[in-house]
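Okay, here's what each chain looks like letter by letter:
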Amino acid sequence: MMLNTRFEQSKETAWCPGCGNFGIMNALESVLNELELKPHEVVICSGIGQAAKMPQYINANGFNGLHGRALPPATGIKIANKNLKVIINSGEGDTYGEGGNHFIHTIRRNIDIAHFVHNNQIYGLTKGQASPTTDMRFVTEVQAGGVILEPLNPVALAITMGASFVARSFSGDRAHLKEMMKAAITHKGYALVDILQPCISFNKVNTFKFYKERVYHMKEDYDYANKAQAFERSLEWGDRIPIGIFYRTEKPSYMEKIHHLSDGEILADKKPDPMEAEKFMDDFR
Amino acid sequence: MNYNILLGGAAGQGMNTVGGVLEKVITRAGYYIFFHKDYMSRVRGGHNFNQLRFSDTPLYTHQEKIDMIIAFSEETVEKHRKDLTDNGIILCPTDFNVADPRARALPFKEIAKELGNVKVFGTVIVGAVVKMFKLPLEIAEGVLSEYFSGEILKLNREALQRGYGLTEEKFELPVSELKDTITINGNQAVGLGALAAGCTFFSGYPMTPGTGVMNYIASKQKALGIVVEQAEDEIAALNMVLGASFAGARAMTSTSGGGYSLMVEAIGLAGIIETPAVIVNVQRPGPATGLPTRTAQGDLKFVISAAQDEIPRMVISLRSAEEAFYQTARAFNLADKYQIPVTILSDQYLADGGVTMPPYDFSKIKIERYLADAEEIGEAPYRRYKITEDGISPRIIPGTIPGQVFMVDSDEHDEFGHIIESGELRNQMMEKRMKKMDGIRQDVREPWHLGSENPELLLVGWGSVYGAFKEAVERFGREGKEVGALVFGDVWPLPIRKITAYAKKAKRIITVEGNYSGQLAELIQQETCIPMKERFNKYDGRAWSHEEIYRRVQEVL
């Protein structure tokens, strides 16, 4: 029997029963199979946190790196082997907090990576401190008087930074989530899907019910090519929370802008010969 | 025979161009140079100087004594005339107020004005210098044609002639035969070594004095089809390198101490995920921002232990630009062989100093990847961290063997790379990784020995102090003194055979280093129990000169 011809999830995880991560893992597993990718062609990258354990539980290649640093290794992997499908699953603390700088600059690179951010508006693994997206006045052990920092709006930030694909979904809406994941994985360039997800242990405000009552699908006639409109819609947060593709545009990806990368040999496949570089000594003669 | 020209002035006055042209003229005429750069952390103004030392035999270091000062500022004369020989000369423009009998005010600026372009005044200076050292004028004309073309070239040739007519032959210079040489600095040598070694991905963040490595590799991206990515910070730089290396590219980064500090967590990551990486730290004085454009050897203790807990690693310091090329290529092979991070320790003195030498022998460079193939892996699920006798697990590249996948994990993990918390497995993995140090110890190279085989006095140092050691020790040798020296290149793990043997023979040992406490001395004590009590430590941001080492030794002999 051939090993690993289909994606499967492991039965044991370190997640709490009822965690939103399960919905995200189920969706990812079936999307990868439906896209007919092969496990050895896929690398799932992550940083640290509960969401970042995803590469542990799906039988693809995995790079479970440092906290906040999911994006740079993913970038290095894609540049080294453009044929690998590179996907990131990490939390909002990892992505927007510890790794904020990489988030901004990966958008600028527009490299072919699908980035799935599990956004539960709380720190899970460190047990309940505010995350960059926690709403103001939310009380935690550290933020005992309530959060006084304004929450980061990842969708608005990505749109204004010029990301070529910006979407939001909800872990409790499997069909929608699968659709967003598929669109992101097949998008050329950097694709962000911010996934709203309840944390049943530490976030008693933004619960499954909270999101279920508020999220709504943007209408089919919504024009996601209109950046100004996308930005305006990204600011909607409260009684109603829009999900779907906010903004999508075609522009050259990082790979396409480096012709010897898009048209040339895969870096990892190169068999360099030291003698090839000998001519460069002329620079110093 | 050797001469030393000092060019000094404010940044942006054109002395780098004059120095560059002279460097080419001198090397093309068959001489060897050692170029030494002393500059401030600013783009304009301040006091900077370059020293161009040259000889008919190879040079390995700079020197204090100067034969000619080319002054672009009055401050240059004031600062450096104390080092000028009695027979030396100061060349300066006519409007400088210089009260020194050795000064020769010449109408560089006036001639340039006459020729209708003030910018050619540097070329007038070149002409004057070429004459004084009896250098061939036609070689200087040839060099100009590499810098300029058309009308501007014509103008510069005229300026060269006019400058040549200003002075007379002054210094005796034996005629040298033309030979094939290269003149290269330490950063370029590291870059060229990386290219020869098949480095296909480089990511870095600019930081003086380490930026030159990135600049050089970047200039060859298209020619070789490789990628240099300027990262948003050094954290990203090394993490990108690890991603690329995991995916099969030979990858490297370069920085200075501040950037290396930011990379520390990722160095630990490289250790636990057993992914090769070559990291260049071009040292400058710290801590924090320190002296950005100066030199130091202050990071030794830091880089041999950077990252929490313990990982197998190797640290190689560079002793010369010649060695830098070969050691960089070797670093890639060792990183691949042991699946470890290898740090190359350079410094500003070496990085910016240009040296003339025979061309590198590229046929000596072998690219050894140590990768496993499908046959070796077999049909069973692949164990990336298989426990083996030597601690090295067969490594494959993701995507290359259908059906086989693996993960790397910054958490402690089992043989498959999956997160674990068992104490027993933890022990097995820790022991497997650290076991690799046994192999690395077999691969480290002993220090270079200089001078007396039975030294009464043994000098011990590491890295770029080599050149100054060589000249100082040779001088003691000519004076019939039994002085020897050991200069370490590989510093971690520390090779201990030679130091142990020479320490037994030597009556006295003195370490000479570019840091405050004598970091190598402490490391030798730690690894060999040989007391290293006498230490010459220098931390003023300047390199040891051979004269300074000679004087300090003379004082205590």
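Every chain is numbered independently, its residues counted from 1 as its sequence is written. Starting at A for chains and at 1 for ligands, labels are handed out in the order in which the entities are written. Restriction of local features to residues with pLDDT of at least 70 applies here, the model being predicted, together with a cutoff of 80 or more for giving and counting side-chain atom pairs; totals for whole chains, interfaces and linings are based on all residues. Each side-chain value is derived from all of the structure's non-hydrogen atoms; neither hydrogens nor water enter the calculation.

What am I meant to see in the overall build of chain B here?
Per the convention used, a helix needs a DSSP run of H or I reaching at least four residues, while a strand needs a run of E reaching at least two, with both numbered from the N terminus. The secondary structure content of chain B amounts to 20 helices and 21 strands. The C-alpha radius of gyration of chain B comes to 26 Å, within 12% of the 24 Å expected for a compact globule of 557 residues. Burial status across chain B gives 64% buried among its 557 residues. The criterion used for residue contact is that any of the two residues' heavy atoms lie within 4.5 Å. Considering only residue pairs separated by 6 or more positions, chain B has 74% of its internal contacts joining residues 24 or more positions apart. The charge count treats Lys and Arg as positive and Asp and Glu as negative. His and the chain ends do not count. Where a charge lies is defined by one atom per residue type: Lys uses NZ, Arg uses CZ, Asp uses CG and Glu uses CD. For chain B, the distance from the average site of its 62 positive side-chain charges to the average site of its 72 negative ones is 4 Å. Throughout, the radius of gyration refers to the C-alpha atoms, and the reference size of a globule is 2.2 Å times the residue count to the power 0.38. Each residue is placed in one exposure class: buried if its accessible area under a 1.4 Å probe, protein chains only, is under 20% of its type's maximum, exposed if it is over 50%, and partly exposed if it falls in between.

How should the domain arrangement of chain B be read in this particular structure?
When the parts of a complex come together, some accessible area is lost, and that lost area is often used as the size of the interface. Residues and elements named next belong to chain B. These domain limits were set by an automatic method or by a database of domain assignments. According to the domain assignment, chain B contains domain 1 (2-166), domain 2 (183-364), domain 3 (374-443) and domain 4 (448-556). For domain 2 and domain 3, the distance between their C-alpha centroids amounts to 25 Å. Taken together, the contacts link 23 residues of domain 2 with 25 residues of domain 3. Accessible area that two parts lose when put together, evaluated with a 1.4 Å probe and summed over both, is termed the buried area. Overall, the association of domain 2 and domain 3 removes approximately 2000 Å² of surface from exposure, summing both partners, and the carbon and sulfur fraction of that is 58%. By definition, a salt bridge exists where a carboxyl oxygen of Asp or Glu is found within 4 Å of a side-chain nitrogen of Lys or Arg. Put simply, domain 2 and domain 3 have 5 salt bridges between them. With a shortest N-O distance of 3.5 Å, aspartate 336 and arginine 395 are connected by a salt bridge.

In this structure, what is going on with the interface of chain A and chain B? I would like to understand it.
Taken together, the 50 residues of chain A in the interface contact 68 residues of chain B. Between chain A and chain B, roughly 4900 Å² of surface is buried when both sides are summed, and carbon and sulfur atoms account for 64% of that area. In terms of surface lost to chain B, no three residues of chain A exceed Leu66, Phe284 and Arg285 of chain A, which account for 15% of the buried area on that side. The tally of links between chain A and chain B comes to 4 salt bridges. Linking lysine 220 of chain B and aspartate 283 of chain A is a salt bridge whose minimum nitrogen-to-oxygen distance equals 2.8 Å.

For this particular structure, what's the right way to read empty space enclosed by the protein?
Which parts of space are left empty comes out when a probe the size of a water molecule is rolled across the atoms. All names here are of chain B. A pocket, in this scheme, is an open set of points on a 1 Å grid over the protein atoms alone with protein on both sides within 12 Å along at least 5 of 7 lines, while a cavity is a set where a 1.4 Å probe fits but cannot get out; residues line either one if an atom lies within 4 Å of a point. Grid points are joined across faces, edges and corners, and a volume is the space filled by probe spheres set on the points. One pass over the structure, following the stated rule, counts 3 cavities of 30 Å³ or more. Here the largest cavity defines a volume of roughly 50 Å³. Together, Ser245, Ala249, Arg250, Ala251, Pro276, Ala277, Val278, Phe332, Ala335 and Asp336 line the largest cavity. For the lining of the largest cavity, the element with the most residues is helix 13 (residues 321-338), which contributes 3 residues. Partitioning the lining of the largest cavity into residue classes produces 7 nonpolar, 1 polar and 2 charged. Three classes are used, and their members are as follows: Ala, Val, Leu, Ile, Met, Phe, Trp, Tyr, Cys and Pro are nonpolar, Asp, Glu, Lys and Arg are charged, and the others, Gly among them, are polar.

How do you make sense of the layout of surface pockets when you look at a structure like this?
All names here are of chain B. Roughly 730 Å³ of internal volume is contained in the largest pocket. Put simply, the parts of the chain that give the lining of the largest pocket at least two residues each are strand 1 (2-11), helix 1 (15-28), strand 2 (32-38), strand 3 (45-55), strand 7 (182-185), helix 7 (186-196), helix 8 (211-218) and helix 14 (348-352). The greatest single-element share of the lining of the largest pocket, amounting to 6 residues, is contributed by helix 1. Classifying every residue of the lining of the largest pocket by side-chain character gives 12 nonpolar, 19 polar and 7 charged.

It is not clear to me how the pairing of strand 14 (residues 354-357) of chain B should be interpreted in this structure. Could you clarify?
Remember that side chains alternate between the two faces of the sheet whenever the strand is regular. Residues and elements named next belong to chain B. With burial as the criterion, each face of strand 14 is covered, one bearing Gly354 and Thr356 and the other bearing Val355 and Met357. Only when DSSP finds a minimum of two bridges between them are two strands counted as paired. In this sheet, strand 14 lies alongside strand 2 in antiparallel orientation, the contact comprising 2 bridges. Residue pairing in the sheet places phenylalanine 34 in a bridge with valine 355 of strand 14. Here strand 7 runs beside strand 14; their pairing, made up of 4 bridges, is antiparallel. Counterpart to isoleucine 184 in the pairing with strand 14 is valine 355.

Help me out: how do you make sense of the sheet that holds strand 17 (residues 457-462) of chain B in this one?
Strands in a sheet are paired, the pairing made by backbone hydrogen bonds, and the direction either parallel or antiparallel. Residues and elements named next belong to chain B. Read across the sheet, 5 strands follow the order 16-18-17-20-21 without closing on themselves; strand pairing throughout is mixed. Edge positions in the open sheet fall to strand 16 (448-451) and strand 21 (534-537), since each of these has one partner strand only. On average, each strand axis in the sheet is inclined to that of its neighbour by 20 degrees, with strand direction left out of account. Pairing geometry for strand 17 and strand 18 (residues 483-488), over 6 bridges, is parallel. Each bridged residue has a counterpart across the sheet, and for leucine 458 the counterpart in strand 18 is glycine 484. Between N-to-C directions, angles cover 0 to 180 degrees, with each direction set by a line fitted to C-alpha atoms, over the stretch in contact for helices.

Looking at this model, I keep getting lost on the packing of aromatic side chains. Mind explaining?
Describing an aromatic ring pair means giving the distance of the ring centres and the angle of the ring planes. All names here are of chain B. A pair of Phe, Tyr and Trp rings is counted when the ring centres sit within 6.5 Å of each other, with Trp represented by its six-membered ring. The angle between the planes then sorts it: under 30 degrees is stacked, over 60 is edge-to-face, the rest tilted. Considering all chains together, one arrives at 29 aromatic pairs over all chains under this definition. Between tyrosine 147 and phenylalanine 148, the aromatic rings sit 6.2 Å apart at their centres with planes inclined by 40 degrees, giving tilted as the arrangement. Exposure remark for tyrosine 147: the relative accessible area of 36% places this residue in the partly exposed category. What links up through ring pairs into an aromatic cluster is the set Tyr3, Tyr31, Phe54, Phe133 and Phe171. Of note, lysine 37 hangs over the ring of tyrosine 39, and the distance from its end group to the ring centre comes to 5.1 Å. Across the ring face of phenylalanine 536, the terminal group of arginine 552 is positioned such that the distance to the ring centre comes to 4.3 Å. The criterion for a charge sitting over a ring is simple: Lys NZ or Arg CZ within 6 Å of the ring centre, and within 35 degrees of the ring normal.

When you look at the sheet that holds strand 9 (residues 227-230) of chain B in this model, what are you seeing that I'm missing?
Residues and elements named next belong to chain B. In spatial order, the strands read 9-8-10-11-13-12-19; together these 7 strands make up an open sheet with mixed pairing. Either end of the sheet is taken by a strand with one partner, and the two such strands are strand 9 and strand 19 (490-492). Each adjacent strand pair in this sheet contributes to an overall mean axis angle of 20 degrees, direction not counted. Inspection of the sheet shows strand 8 (residues 201-204) paired to strand 9 by 4 bridges, in the parallel sense. Considered in strand 9, the bridge of phenylalanine 202 is made with valine 228.

For this particular structure, what's the right way to read the packing of helix 6 (residues 154-161) of chain A against helix 9 (residues 227-234) of chain A?
For any two helices packed against each other, one specifies the crossing angle of their axes together with the interaxial distance. Residues and elements named next belong to chain A. Two elements in contact, helix 6 and helix 9, have axes separated by 8 Å at closest approach and are oriented at 160 degrees. By the angle class used here, helix 6 and helix 9 are roughly antiparallel. Once helix 6 is placed against helix 9, the crossing between them reads as left-handed. From helix 6, Val155, Ala156, Ile159 and Thr160 reach across to helix 9, where they touch Lys227, Ala230, Phe231 and Ser234. For the contact of helix 6 with helix 9, a count of residues per class yields 5 nonpolar, 2 polar and 1 charged. Should an angle fall under 35 degrees it is taken as roughly parallel, and over 145 as roughly antiparallel, whereas 65 to 115 is taken as roughly perpendicular and any remaining angle as oblique. Handedness of each helix crossing follows the sense of rotation of the near helix against the far helix: counterclockwise by less than a right angle gives left-handed, clockwise gives right-handed.

Please clarify how helix 1 of chain B should be interpreted in this entry.
Each α-helix winds once per 3.6 residues, and so residues spaced three or four apart point in a common direction. Residues and elements named next belong to chain B. By this rule the span expected of a helix is its residue count minus one, scaled by 1.5 Å. Under the 1.5 Å per step criterion, the end-to-end length of helix 1 is 20 Å for 14 residues, consistent within 8% with the ideal 20 Å. Of all the 14 residues making up helix 1, 10 are buried; the element is thus mostly covered by neighbouring parts of the structure. Of all the positions in helix 1, only Met15, Val18, Gly19, Gly20, Val21, Leu22, Glu23, Val25, Ile26 and Thr27 are classed as buried. Count one or two residues on from helix 1 and you reach glycine 30, which has phi positive near 100 degrees.

Could you clarify how one ought to interpret the environment of glycine 451 of chain B in this entry?
Residues and elements named next belong to chain B. With respect to the helices and strands, glycine 451 occurs in strand 16. The class of glycine 451 is partly exposed, set by a relative accessible area of 47%. The spacing of glycine 451 and threonine 400 is 51 residues in sequence and 52 Å in space, taken between C-alpha atoms. Discounting residues that sit within four places of it in the chain, glycine 451 has contacts with Val473, Val483 and Gly484.

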